[in-house]
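These are the residues of each chain, in order.
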Amino acid sequence: MQWSFSRPHLPFFWSGEARAEASTFSEEFSGPSISPTWSFWDGYADANPADLGNHATISPIGGHVSLSFPGGVEHNQWWLRHAQLTRPYEGSGVYETKVDSSFDGNQQVGIVFETAPGTFLMFMLYSHGRIWGYVERFTNIGGVQYKTTFPGPSTSGHDTGLVSPAPGPYWLRVMVTDDPSPQYRAWKFQWSLDGITWTTVVDGSLESNDPSDNIGAIQKVGVFAGNQPEALSAFNARFDHFRTYPVWALPIEGPANLQAMSGHHQVTLTWNEVDGADQYSVYRAETIGGQFSPIGNSTGVGYIDPGLVNGVPYYYVVTAQVNGVESLYSATVKATPEAPLNPPAQLPTAGLALLLDAGNAALTMSNGSEVTEWRDASGSNRNAVTLPGRGPVLVTGALGGDAVLRFDGQNDYLDLPAAFADFTSGMTLLVVARPASVQAGSKLLLLGNGAGQANVSLGRNGGGAGLQYFTTNSGGQLWLVRDG
């Protein structure tokens, strides 16, 4: 897509020697003034110099650098009207910032790598109802703006699972391995809520050798803030620090996707492989937030912890050993060993069977956890899954002392395995459910294919909390109602 842009194009070079690796230092934005190595640019002020009341401002305040602008004016990077604070680029390394501002509107904040005005890569979190992660590349050639968006693993953007307003703080970091040829330049963009556990948005090449498809030899790097055209929100982006350091100084991340499966007197752990790992170390604690103690090692990506007490919760983390250096801890998982679950006697023996038991979810999750994978308690491994931010919440001891999954009635859902495409061939359904609150016209549970066809809906029975079910035909028309 091309964007017309009238600002004079400044020349830059598409090739040249890669810069040296970033040196080890930490720049904290903590002094009484901003170092003269930094330069401030306000795109809106550049386009509207006479509108002084709506220009962005930059100032050091209380150990932060505050980059702020009022609402009601356009400070969006799409039109090069964002505000940014940049310094000379150092080459390959890690570039990190911490933002202490709340997201409470349509706003964006992040790290920018710039070659010349109108040509840059922006690594951002932005608030638009939810908090999303994106990378966007802009290239200005002869006054024509080329824009490319890299949304990460999802075509709609990286969903952090946070909903605006969200208080922060937010850590963002970009790891770049530079190269004289931009198509061989490697990028990795991550964000964190604590500066310890990081989530990757984009990892890989973001450029090619086409001049409209790369940003050339990078000259500057720094931080930026802007808003969204849909609602021109005010923003005060408070940057706590901006740091650079070599990639080799980056702590090794712990194994990702640690999973725990409860068994009879044992717990089975699995995790993703870490490149270059010689072995993995497994740690266990017996209380949440308790001290983790080493219990064993593994040269593979799995471990079985036997001899445990059924009904007692255990907590686990795993580390990787890479060239004699131990990584950070993985995320913590919980598991409660239990004797094999006896399926209800009413469970049919013919056809496909799926047993979703909230008690089974409680074996590996804590009260209040979002359930993005509800494991099949029948042992058939036909699990129900959903996206982060769309899952129901586990509530322990809610229904007669048993665990339940609470759906918010707005956007929570679970996808059944592909084999359960629809219910037109018949089904047997046993549901134990209760409305948390009775509201006029509310639906309790809907089973369907997302197209409004061949659905089964369980809803209120009259003015009480009882259930009745509705079914629809292949055209989505209501055709049967029965009291439950």
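Residues numbered from 1 in each chain as written. Predicted model: local features only at pLDDT ≥ 70, side-chain atom pairs only at ≥ 80, totals over all residues. Heavy atoms only, no water.

## Observations regarding the overall build of the protein
Line of reasoning, step 1. Across its full length, the protein holds two helices and 33 strands.
Line of reasoning, step 2. Within the protein, buried positions represent 44% of all 484 residues.
Line of reasoning, step 3. Taking the contacts inside the protein whose residues are at least 6 apart along the sequence as the reference set, 61% of them involve residues at least 24 apart.
Line of reasoning, step 4. Accessible surface computed for the protein: about 23,200 Å², of which carbon and sulfur atoms make up 53%. (Helix = DSSP H or I, 4+ residues; strand = E, 2+ residues; numbered from the N terminus. Buried < 20%, exposed > 50% of the residue type's maximum accessible area, 1.4 Å probe, protein only. Contact = heavy atoms within 4.5 Å. Areas by Shrake-Rupley, 256 points an atom, 1.4 Å probe, with all protein chains shown as cover.)

## Observations regarding the pairing of strand β17 (residues 235–245)
Line of reasoning, step 1. Among the 11 residues in β17, eight count as buried, and that is most of the element.
Line of reasoning, step 2. The pairing of strand β5 (residues 64–69) with β17 spans five bridges and is classified as antiparallel. Across the sheet, S68 pairs through a bridge with N236, a residue of β17.
Line of reasoning, step 3. Inspection of the sheet shows strand β7 (residues 93–99) paired to β17 by six bridges, in the antiparallel sense. Counterpart to Y95 in the pairing with β17 is T244. (Pairing = 2+ DSSP bridges.)

## Some remarks on a nonpolar patch on the surface
Line of reasoning, step 1. On the surface, a nonpolar cluster with roughly 220 Å² of combined accessible area is contributed by M427, L429 and V431.
Line of reasoning, step 2. Following the sequence through the fold, L429 ends up in the loop between β29 (402–406) and β30 (443–447). (Patch = residues over 30% accessible without salt bridge, like charges linked within 9 Å, V, L, I, M, F, W, Y side chains within 5 Å. Salt bridge = Lys/Arg side-chain N within 4 Å of Asp/Glu carboxyl O.)

## Concerning the environment of Y413
Line of reasoning, step 1. One can find Y413 in the loop between β29 and β30.
Line of reasoning, step 2. By relative accessible area, Y413 is classed as partly exposed at 30%.
Line of reasoning, step 3. In this view, Y413 contacts T386, L387, R390, G391, P392 and F407; residues no more than four positions away in its chain are not counted.

## A short note on the sheet that holds strand β18 (residues 259–263)
Line of reasoning, step 1. Ordered in space as β18-β19-β22, the three strands form an open sheet in which the pairing is antiparallel. Each edge of the open sheet is held by one strand with a lone partner, namely β18 and β22 (302–305). Taken over all neighbouring pairs, the strand axes of this sheet differ in orientation by 15 degrees on average, direction set aside. (Axes fitted to C-alpha atoms, helices over the stretch in contact; angles between N-to-C directions.)

## What to know about the pattern of salt bridges
Line of reasoning, step 1. Throughout the structure, instances matching the rule amount to 12 salt bridges.
Line of reasoning, step 2. Here E96 ties to R243 by a salt bridge, and the two come within 3.6 Å at their closest N and O atoms. Remark: R243 occurs in strand β17 and E96 occurs in strand β7; sequence separation between them is 147 residues.

## Side note on the environment of M175
Line of reasoning, step 1. Along the chain, M175 falls in strand β13 (residues 170–177).
Line of reasoning, step 2. With near-sequence residues (within four places) excluded, M175 lies in contact with G93, V94, A186, W187, K188, Q190 and L250.

## Focus: the nonpolar core
Line of reasoning, step 1. Counting residues in hydrophobic clusters, the biggest one holds 41 residues, and the most contacted among them are F113, F123, V135, W187, L206, F239 and F242.
Line of reasoning, step 2. Once residues within four sequence positions are removed from consideration, V135 is found in contact with L121, M122, F123, T148, T149, F150, F189, V202 and L206.
Line of reasoning, step 3. Of all hydrophobic cores here, the second largest spans 17 residues; its members include L269, Y280, Y316 and A335. (Core = buried A, V, L, I, M, F, W, Y, C linked by side-chain atoms within 4.5 Å.)

## Remarks on unusual backbone geometry
Line of reasoning, step 1. A cis geometry characterises the amide bond from S164 onward to P165, with omega recorded as 5 degrees.
Line of reasoning, step 2. By secondary structure assignment, the location of P165 is in the loop between β12 (158–163) and β13.
Line of reasoning, step 3. A cis amide bond links G168 with the next residue in sequence, P169, at an omega value of 0 degrees.
Line of reasoning, step 4. Its place among the elements puts P169 in the loop between β12 and β13.

## Notes on the confidence of the model for the protein
Line of reasoning, step 1. Scored by pLDDT, the protein has a mean of 83; 82% of the residues are at 70 or more.
Line of reasoning, step 2. A low-confidence stretch, residues 1–18 (pLDDT under 50), is modelled with 48 contacts involving residues beyond four sequence positions or located in other chains. (pLDDT = per-residue confidence, 0-100.)

## Some remarks on the packing of aromatic side chains
Line of reasoning, step 1. Scanning the entire structure with this criterion turns up 17 aromatic pairs.
Line of reasoning, step 2. Ring geometry for F123 against F189: centres 5.6 Å apart, planes inclined by 65 degrees, an arrangement best described as edge-to-face. Taken together, the residues F123 in strand β9 (residues 119–128) and F189 in strand β14 (residues 186–192) connect sequence positions 66 residues apart. Taken individually, F123 and F189 each receive the classification buried, so the pair is uniform in this respect.
Line of reasoning, step 3. One aromatic cluster is present, built from ring pairs that chain together Y89, Y95, F113, F123, W187 and F189.
Line of reasoning, step 4. Directly above the ring of W38 sits R87, whose terminal nitrogen or CZ lies 5.8 Å from the centroid.
Line of reasoning, step 5. Between R173 and the ring centre of W198, over which it is positioned, the NZ or CZ distance is 3.9 Å. (Phe/Tyr/Trp six-rings, centres within 6.5 Å; stacked < 30°, edge-to-face > 60°. Lys NZ or Arg CZ within 6 Å of the ring centre and 35° of its normal.)

## As for the side chain of H82
Line of reasoning, step 1. Within the fold, H82 resides in the loop between β5 and β6 (83–88).
Line of reasoning, step 2. In this structure H82 comes out as buried when scored by relative accessible area, which is 0%.
Line of reasoning, step 3. A distance of 3.0 Å separates polar atoms of two side chains, one belonging to H82 and the other to Q84. (Polar contact = N/O pair within 3.5 Å; in protein donor to acceptor, adjacent residues only side chain to side chain.)

## Focus: the pairing of β5
Line of reasoning, step 1. A large share of β5 lies buried, amounting to six of its six residues.
Line of reasoning, step 2. Residues of β5 alternate between two faces, with H64, S66 and S68 on one and V65, L67 and F69 on the opposite face, all of them buried.
Line of reasoning, step 3. Pairing analysis gives five bridges linking strand β4 (residues 57–61) to β5, with the strands arranged antiparallel. Each residue of the ladder has a partner; that of S59, found in β5, is S66.
Line of reasoning, step 4. In this antiparallel pair of consecutive strands, β4 and β5, the connection spans two residues, and G62 shows a positive phi of 55 degrees.

## Digging into the environment of L269
Line of reasoning, step 1. Considering the arrangement of structural elements, one finds L269 in strand β19 (residues 266–270).
Line of reasoning, step 2. On a C-alpha basis, the gap between L269 and I304 in space is 6.2 Å, while along the polypeptide they are 35 residues apart.
Line of reasoning, step 3. Not counting residues up to four positions away in its chain, the partners in contact with L269 are L258, Q259, A260, V282, V301, G302, Y303, Y316 and V333.

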